[in-house]
Amino acid sequence: MKVVVAVKRVLDYNVKPRVRSDGSGLDLANVKMSMNPFDEIAMEEAVRLKEAGVATEVIAVSCGTTQSQETLRTALAMGADRAILVETSAELQPLAVAKLLKAIVDREAPGLILLGKQAIDDDANQTGQMLAALAGLPQATFASKVSVEGDRLIVAREVDGGEETLSLPMPAVVTSDLRLNEPRYVSLPNIMKAKKKPMETVTPDMLGVDVAPRLQTLHVEEPATRKAGVRVPDVAALLGALRDEAKVL
Amino acid sequence: MAILVIAEHDNRALSAVTLNVIAAASRIDATQIHVLVAGSGARAVAVEAAKLASVNTVLLADAPHLEAQIAEHVEATVLTIAKSYSHVLLAASSQGKNLAPRIAAKLDVAQIGDIVEVVDADTFKRPIYAGNAIATVRSVDPIKVLTVRRTAFDPLAAQDTSAGLEEIAAAADGNSAQLVSRTLATRDRPELGQAATVVSGGRGLGSSQNFKDVLEPLADKLGAALGASRAAVDAGFAPNDAQVGQTGKIVAPQLYVAVGISGAIQHLAGMKDSKVIVAINKDAEAPIFSVADYGLVGDLFEIVPEMVAGV
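Predicted model only: the values in this text are computed from it and were never measured.

**Structural notes on the environment of Ala80(A)**
Residue and element names in this part refer to chain A. If you trace the backbone, Ala 80 turns up in the loop between helix 2 (68-78) and strand 5 (82-87). Each C-alpha atom, one on Ala 80 and one on Ile 104, is 16 Å from the other, the two residues being 24 residues apart in sequence. Here Ala 80 is in contact with Met 43, Val 47, Val 58, Ala 60, Ala 75 and Lys 197, once residues within four sequence places are set aside.

**Some words on helix 1 (residues 17-28) of chain B**
Residues and elements named next belong to chain B. With 12 residues, helix 1 should cover 16 Å at 1.5 Å per step; its first-to-last C-alpha distance of 17 Å lies within 8% of that length. Counting buried positions along helix 1 yields 10 of 12 residues, so the element is predominantly enclosed. Turning to helix 1, its buried residues number three or more, namely Val 17, Thr 18, Leu 19, Asn 20, Val 21, Ile 22, Ala 23, Ala 24, Ala 25 and Ile 28. Looking at the buried residues of helix 1, the elements they touch are strand 1 (2-6), strand 2 (33-39), strand 4 (85-91), strand 6 (117-120), strand 7 (123-128) and strand 9 (144-148).

**As for unusual backbone geometry**
Following Met170(A), the chain continues into Pro171(A) via a peptide bond in cis, with omega recorded as 5°. Positive phi outside glycine occurs at Gln69(B), with the angle close to 50°. Here Gln69(B) lies in the loop between strand 3 (57-62) and helix 3 (71-79). The backbone of Asp108(B) shows a phi angle near 55°, a positive value even though the residue is not glycine. Structurally, Asp108(B) can be placed in the loop between helix 4 (94-107) and strand 5 (111-115).

**Describing the interface of chain B and chain A**
Between chain B and chain A, the residue contacts involve 81 residues of the former and 73 residues of the latter. Between chain B and chain A, the buried area comes to about 6,500 Å², and carbon and sulfur atoms account for 53% of it. Taken together, the connections running from chain B to chain A amount to 7 salt bridges. The partner of Glu221(A) in a salt bridge is Lys125(B), with the nearest N and O atoms 3.2 Å apart. Connecting chain B to chain A are 43 residue pairs in polar contact (both at pLDDT 80 or more). Top element by residues in the side of chain B that touches chain A is helix 4 of chain B. It accounts for 8 residues. Here the residues of the side of chain B that touches chain A are counted per class, giving 38 nonpolar, 23 polar and 20 charged. Both strand 9 (residues 162-169) of chain A and strand 11 (residues 178-184) of chain B contribute to a ladder of 6 bridges, which runs antiparallel. Bridge assignment links Leu166(A) to a residue of strand 11 of chain B, and that residue is Leu179(B).

Cut-off values and rules
- Residues numbered from 1 in each chain as written.
- Chains lettered and ligands numbered in written order.
- Predicted model: local features only at pLDDT ≥ 70, side-chain atom pairs only at ≥ 80, totals over all residues.
- Heavy atoms only, no water.
- Helix = DSSP H or I, 4+ residues; strand = E, 2+ residues; numbered from the N terminus.
- Contact = heavy atoms within 4.5 Å.
- Expected span 1.5 Å × (residues − 1).
- Buried < 20%, exposed > 50% of the residue type's maximum accessible area, 1.4 Å probe, protein only.
- Buried area = accessible area lost by both parts, 1.4 Å probe.
- Salt bridge = Lys/Arg side-chain N within 4 Å of Asp/Glu carboxyl O.
- Polar contact = N/O pair within 3.5 Å; in protein donor to acceptor, adjacent residues only side chain to side chain.
- Nonpolar A, V, L, I, M, F, W, Y, C, P; charged D, E, K, R; others polar.
- Pairing = 2+ DSSP bridges.

This is the structure in structure tokens:
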């Protein structure tokens, strides 16, 4: 079974995002970029499936600029067998990425497509679900455990107030939640090996996909900050303030 | 054109979050709001929805295969009616986020997630970068599919009106997932997303036993829901679904008590819209104090029991 994993290059999660003062967006010049953490978890799961003998080939796919090659090299160092870059400098929104991924899925015919549940830049949480809908595949989002039983995929997923388990016919689309696994650190030998693994580059045109944005970002601003509060000396003062001042007790 | 709100429910009762979603819908255009209840044996939910202010029509799609409300089936049902609406609104809950992108993709339109403000019928504000920035976005699509962050819209006041109730056909998707099991935590205290008071614990609690022995009595005394920081969840002190933060629950109660939580950006993104924030931490430099209305520096193991005794 082939597994396709979608990975996105985003601002590193340790870097504090800075809003440009002209309101045009985030300042991403000269800052560290990394693989989206949820995609890293998806990638790890695919590699584990291969190590367990369930997956035969792991293909990492990224849609974006030339620099996304770095993210794909990381995926290859983690254990992907080959990589596909859908290269474009256009702004890509979730619907466009889902269409690009569908074109790749049509071509590669994987048994499983793994994605992170959301990217930590636009926080959209849409691409996996959109891909599943467009490809006519069943979906299991927010996965915390994935296993293959016969010809079905069993996925435990995190939902508000608890957990549920789904059984899906394959091929299927799964998006990873935080606790699906802990991604491995990539070793230097694997980074070296990754440089020799195949990476193919295609374009949205070659895949016949129109990636024109459907949303215009008019303005990006810093969120309103809370006013600094007060320090209270002890519990009695705290309870007094909550009772008399804030009136929440 | 009318606005469609997809109700959230468990086939027995309407989930309170739907009232926040209807409130957001009425900010866009309050003249025609329809509510879809898709489920099995869910007529009582539809009757409940028909009594809400601002709701003109309730549509009930009732069929056995909709009982588990699997996204593929609900999406197929929504698709049978979606094209007669200008907007389709869902909660930005695990259910809404699971479903909304499917609807948008099938309609070939963008989906706008987690909206916190309606600017006009085409323009919305939503947080990006874990709440570190707010983007104003405008959709150029004919139908807007939106998920609504509940804490940004006050729930609709209850009103004993009576909207029309129509039954519509339930559609099915042949290639869907099947529910094997669903375990929802038993609710002996208010649900985290809906509680007026939340008591949250962080790594400072030290163990799951302390979470139980120190924090729970305070939550009991305040009638509060229990939350946790990601650090506390990762350390196994509290269950996954208690996590407050960008990757967990977004809460905005009247009172949020953060105990032994340092205040990572990730956590602040999930609670900074609370009305009153209390922080208790032994580290006077902890970032949580920068968002707290009332900060108390000291040993939580002394402070919390004293609070329990004093409330």
